[in-house]
Amino acid sequence: MPRTARITSGSGVYHVMLRGINKETIFESRDDYWKFIKLMDRLCHPRDETDRPIDPHCCIYAYCLMPNHVHLLIRDFDGSLANSIKSLSIPYAQYYNVKYERVGHFFQDRFKSEPVNDWEYFVTLLRYIHQNPVAADMVSDVKDYTWSSWREYVNPRGCSIPVCTTRPVLEKIPISELEGLVKELLPKAQKILDFNYDGSTRVEDELVRDYIESLCGPDFADVLQSCPRDRVCEMVKLFREFGANDSQISRITGLSYKVLRRMK
């Protein structure tokens, strides 16, 4: 079946979404989040081979990095949106696959996008993107979530890697007014293109480690390496039911990620 053509935005602004294949986690650690942020910074503030600034193909007004998906509010300057997103998704997927000994497709299908052609919907999306972690019960306040662009609006000097173009937004709407809007949660019935995020907050490594130790003992790494394969499969099933993903299990136990992926 041929792909459906993307709807072009008259303003050049789009709401873009990327999700891990099969809803898998795409950010396992702080380093992973920072890697993606650095890729966004390179995209929005490119430099030539002599390290001189050059004109970007796009700018980002807002972003939110969730455990298994990404939201961007982005403006495409020259019709190269697909290439801009590839410059984020391809090197990040390569980085992740090498780091976690993973193979195969990383992001689900091609990225999703919707055009943003009026100011009212732009503000709605700005609110929606920053509210994602609250809606997913990951934090109680947007300011408490580390991996979104909200801090670039409220405390730009405290942001170590400023990615977003915030000035055009703040020239139209004062930060005090924007803060009020972002804190006021949008109704769940609001019609916004999304992946219908249904993942819960990932179980922290420390809890996974404690659970594995409770089942296998303090020398769980050695125990799992020496157990028969069918017994290891049974234990891995329990780890997954507890809420651990395969990358966590591999990192904590030393079991090969490739082997874990075959234990279904």
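Predicted model, so just to flag it, every value in this text is computed and none were measured.

Enquirer: Can you explain the confidence of the model for the chain? Please cite residues and give values.
Expert: Averaged over the chain, the pLDDT score is 87; the fraction of residues at 70 or greater is 91%. For residues 195–201, every residue scores under 50 in pLDDT, and the model assigns this stretch 15 contacts once sequence neighbours within four places are set aside.

Enquirer: I'd love a proper account of the pairing of strand β2 (residues 58–65), names of residues and values included.
Expert: Counting buried positions along β2 yields 8 of 8 residues, so the element is predominantly enclosed. Linking two consecutive strands that pair antiparallel, namely β2 and strand β3 (residues 69–76), is a turn of 3 residues.

Enquirer: With reference to specific residues and values, describe the pattern of salt bridges.
Expert: Applying the stated criterion across every chain yields a total of 7 salt bridges. Where K143 meets D144, a salt bridge forms, and the shortest distance between an N and an O atom there is 3.2 Å. Take K143: its relative accessible area is 52%, and that puts it in the exposed class. In this structure, R167 engages E171 in a salt bridge whose closest nitrogen and oxygen atoms are separated by 2.9 Å.

Enquirer: Any chance you could break down the environment of V259 for me, citing the residues and the numbers?
Expert: Tracing the chain through its elements places V259 in helix α11 (residues 257–261). With relative accessibility at 25%, the residue V259 sits in the partly exposed group. The sequence separation of V259 and R102 amounts to 157 residues, and the corresponding C-alpha distance is 10 Å.

Enquirer: I'd like to hear about the nonpolar core, residue by residue, with values.
Expert: With 59 residues, the main nonpolar core has F36, M40, I60, Y63, L65, L72 and L73 as its most contacted residues. Breaking this core down by element, the ones donating at least two residues are β1 (13–19), α1 (30–44), β2, β3, α2 (81–99), α3 (119–135), α4 (150–154) and α6 (175–183). Ranked by residue count, the leading element in this core is β2, at 8 residues. Apart from residues lying up to four places away in sequence, F36 is in contact with L18, F27, L65, V70, L88 and Y92. Core analysis: the second largest hydrophobic core is formed by 15 residues, V232, V236, F239 and M263 among them.

Enquirer: Can you break down helix α10 (residues 246–253) residue by residue, with the values?
Expert: For α10, the buried fraction is high: 7 of the 8 residues fall into the buried class. Every buried residue of α10 is accounted for by D246, S247, Q248, I249, S250, I252 and T253. Contact partners of the buried residues in α10: α2, α7 (205–216), α8 (220–226), α9 (229–242) and α11. Phi turns positive one or two residues past the end of α10, at G254, with a value near 90°.

Enquirer: If you had to explain the packing of aromatic side chains to someone new, which residues and values would you point to?
Expert: Taken as a whole, this structure holds 15 aromatic pairs when the rule is applied. Summarising the aromatic geometry, the rings of F27 and Y33 are spaced 4.5 Å apart at their centres and angled 20° between planes, so their arrangement reads as stacked. Under the relative-accessibility criterion, F27 is labelled buried at 2%. Residue class for Y33 comes out buried when judged on its relative accessible area of 9%. With 5.3 Å between their ring centres and 15° between their planes, W119 and F122 make a pair best called stacked.

Enquirer: Lay out a negative patch on the surface in plain terms, naming residues and giving numbers.
Expert: A cluster of acidic residues, E206, D210, E213, D219 and D222, forms a negative patch on the protein surface. As for its position among the elements, D210 is in helix α7. Residue classification places D210 among the partly exposed positions, given a relative accessible area of 43%.

Enquirer: With reference to specific residues and values, describe the side chain of E28.
Expert: Tracing the chain through its elements places E28 in the loop between β1 and α1. In this structure the side chain of E28 is engaged in a polar contact, spanning 2.7 Å, whose partner is the side chain of Y96.

Enquirer: Kindly report on the environment of E206, identifying the contributing residues and their values.
Expert: Examined against the element boundaries, E206 turns out to sit in helix α7. A relative accessible area of 59% places E206 in the exposed class.

Enquirer: Hey, could you go over the pairing of β1 for me, with residue numbers and the actual values?
Expert: Among the 7 residues that make up β1, 7 are buried, leaving the element largely enclosed by the rest of the structure. Residues V13, H15, M17 and R19 of β1 are buried on one face, and the alternating residues Y14, V16 and L18, pointing to the opposite face, are buried as well. Pairing analysis gives 7 bridges linking β1 to β3, with the strands arranged antiparallel. Bridging from a neighbouring strand, H15 pairs with L73 of β3. The sheet contact formed by β1 and strand β4 (residues 112–116) spans 5 bridges and is antiparallel. Looking at β4, one finds that M17 is bridged to K112.

Definitions and cut-offs
- Residues numbered from 1 in each chain as written.
- Predicted model: local features only at pLDDT ≥ 70, side-chain atom pairs only at ≥ 80, totals over all residues.
- Heavy atoms only, no water.
- pLDDT = per-residue confidence, 0-100.
- Contact = heavy atoms within 4.5 Å.
- Buried < 20%, exposed > 50% of the residue type's maximum accessible area, 1.4 Å probe, protein only.
- Helix = DSSP H or I, 4+ residues; strand = E, 2+ residues; numbered from the N terminus.
- Pairing = 2+ DSSP bridges.
- Salt bridge = Lys/Arg side-chain N within 4 Å of Asp/Glu carboxyl O.
- Core = buried A, V, L, I, M, F, W, Y, C linked by side-chain atoms within 4.5 Å.
- Phe/Tyr/Trp six-rings, centres within 6.5 Å; stacked < 30°, edge-to-face > 60°.
- Patch = residues over 30% accessible without salt bridge, like charges linked within 9 Å, V, L, I, M, F, W, Y side chains within 5 Å.
- Areas by Shrake-Rupley, 256 points an atom, 1.4 Å probe, with all protein chains shown as cover.
- Lys, Arg positive; Asp, Glu negative; His and termini not counted.
- Charge placed at Lys NZ, Arg CZ, Asp CG, Glu CD.
- Polar contact = N/O pair within 3.5 Å; in protein donor to acceptor, adjacent residues only side chain to side chain.

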